[in-house]
Amino acid sequence: MVNKKTQDTIEDALLEQITSYEYIRTQAEHIGQLELRKEMIRRELACRAELAEPSFERYLRKAYGWICDHGTSIGRPALALLCIWGFTFAAWRGWAAQEAAVTTWDVFYHTGGRMLPFVGGHAYVEEHTLKALRAAPHVLHFLSAMAAILSPFLLFLMALALRLKFRMSV
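No experiment lies behind these values; they were computed from the predicted model shown.

K.L.:
Got a minute to help me understand the packing of aromatic side chains in this structure?
P.N.:
For the structure shown, the criterion picks out six aromatic pairs. Pairing Trp-105 with Phe-108 gives two aromatic rings, centres 5.6 Å apart and planes at 80°, and the pair type is edge-to-face. Of this pair, Trp-105 and Phe-108 both sit in helix α5 (residues 104-115), three residues apart, which is roughly one turn of the helix. Relative accessible area serves as the criterion here: at 57%, Trp-105 is assigned to the exposed category. Exposure remark for Phe-108: the relative accessible area of 36% places this residue in the partly exposed category. Ring centres of Trp-105 and Tyr-109 lie 6.2 Å apart, and the angle between their planes is 40°; on these two criteria the pair is classed as tilted.

Shown next, in the form of structure tokens:
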């Protein structure tokens, strides 16, 4: 257990680091050093996550750092999206192996259409296949719903990192 004096010392050190990172970030921006600026942003956000009070906000900040390295990683959200889709696809494919009306392509269209909001997965599925998909167990529909909820967030985090990666200095 950390005593109060040690905790205050740690908080003061984190605040000093944040101030330093902010200063370096603004100086790097003025001279056009975008990579240094990105690194200072990432470090500043990591310090702010450590400094946050133990609450839901702190867990969100930690998750943001873990999932996308504070908006700088494209690969982490892409890998998470791929893993979620792969797990959902495997679960649906396992169930579809028992159904004669549902093929692997139908499962691919269904799971992909739920993961990517701009792709219509049901547009290519025949009516009798759609009825079979609707009759699937509730667990599979729950997995699909969770994938549909998480995928826009992961896509947003990927877009955020892409924006930061291709940002140009003026």
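K.L.:
Sorry, what's going on with helix α2 (residues 34-51) here?
P.N.:
The α-helix winds at 3.6 residues per turn, so residues separated by three or four positions along the chain end up facing the same way. The end-to-end C-alpha distance of α2 is 25 Å, a good match for the 26 Å that 18 residues give at a rise of 1.5 Å each. Within α2, burial applies to Leu-34, Arg-37, Lys-38, Met-40, Ile-41, Glu-44, Cys-47 and Ala-49. As for α2, its buried residues are in contact with α1 (4-31), α3 (56-68) and α7 (138-165).

K.L.:
Is there a simple way to think about a nonpolar patch on the surface in this case?
P.N.:
Side chains of Phe-142, Met-146, Ile-149, Leu-150 and Phe-153 sit close together on the surface and give an oily, nonpolar patch of about 500 Å² of accessible area. Using a relative accessible area of 39% as the deciding quantity, one classes Leu-150 as partly exposed.

Thresholds applied
- Residues numbered from 1 in each chain as written.
- Predicted model: local features only at pLDDT ≥ 70, side-chain atom pairs only at ≥ 80, totals over all residues.
- Heavy atoms only, no water.
- Phe/Tyr/Trp six-rings, centres within 6.5 Å; stacked < 30°, edge-to-face > 60°.
- Helix = DSSP H or I, 4+ residues; strand = E, 2+ residues; numbered from the N terminus.
- Buried < 20%, exposed > 50% of the residue type's maximum accessible area, 1.4 Å probe, protein only.
- Expected span 1.5 Å × (residues − 1).
- Contact = heavy atoms within 4.5 Å.
- Patch = residues over 30% accessible without salt bridge, like charges linked within 9 Å, V, L, I, M, F, W, Y side chains within 5 Å.
- Areas by Shrake-Rupley, 256 points an atom, 1.4 Å probe, with all protein chains shown as cover.
- Salt bridge = Lys/Arg side-chain N within 4 Å of Asp/Glu carboxyl O.

Treat this as a map of the structure, not an account of what it does.
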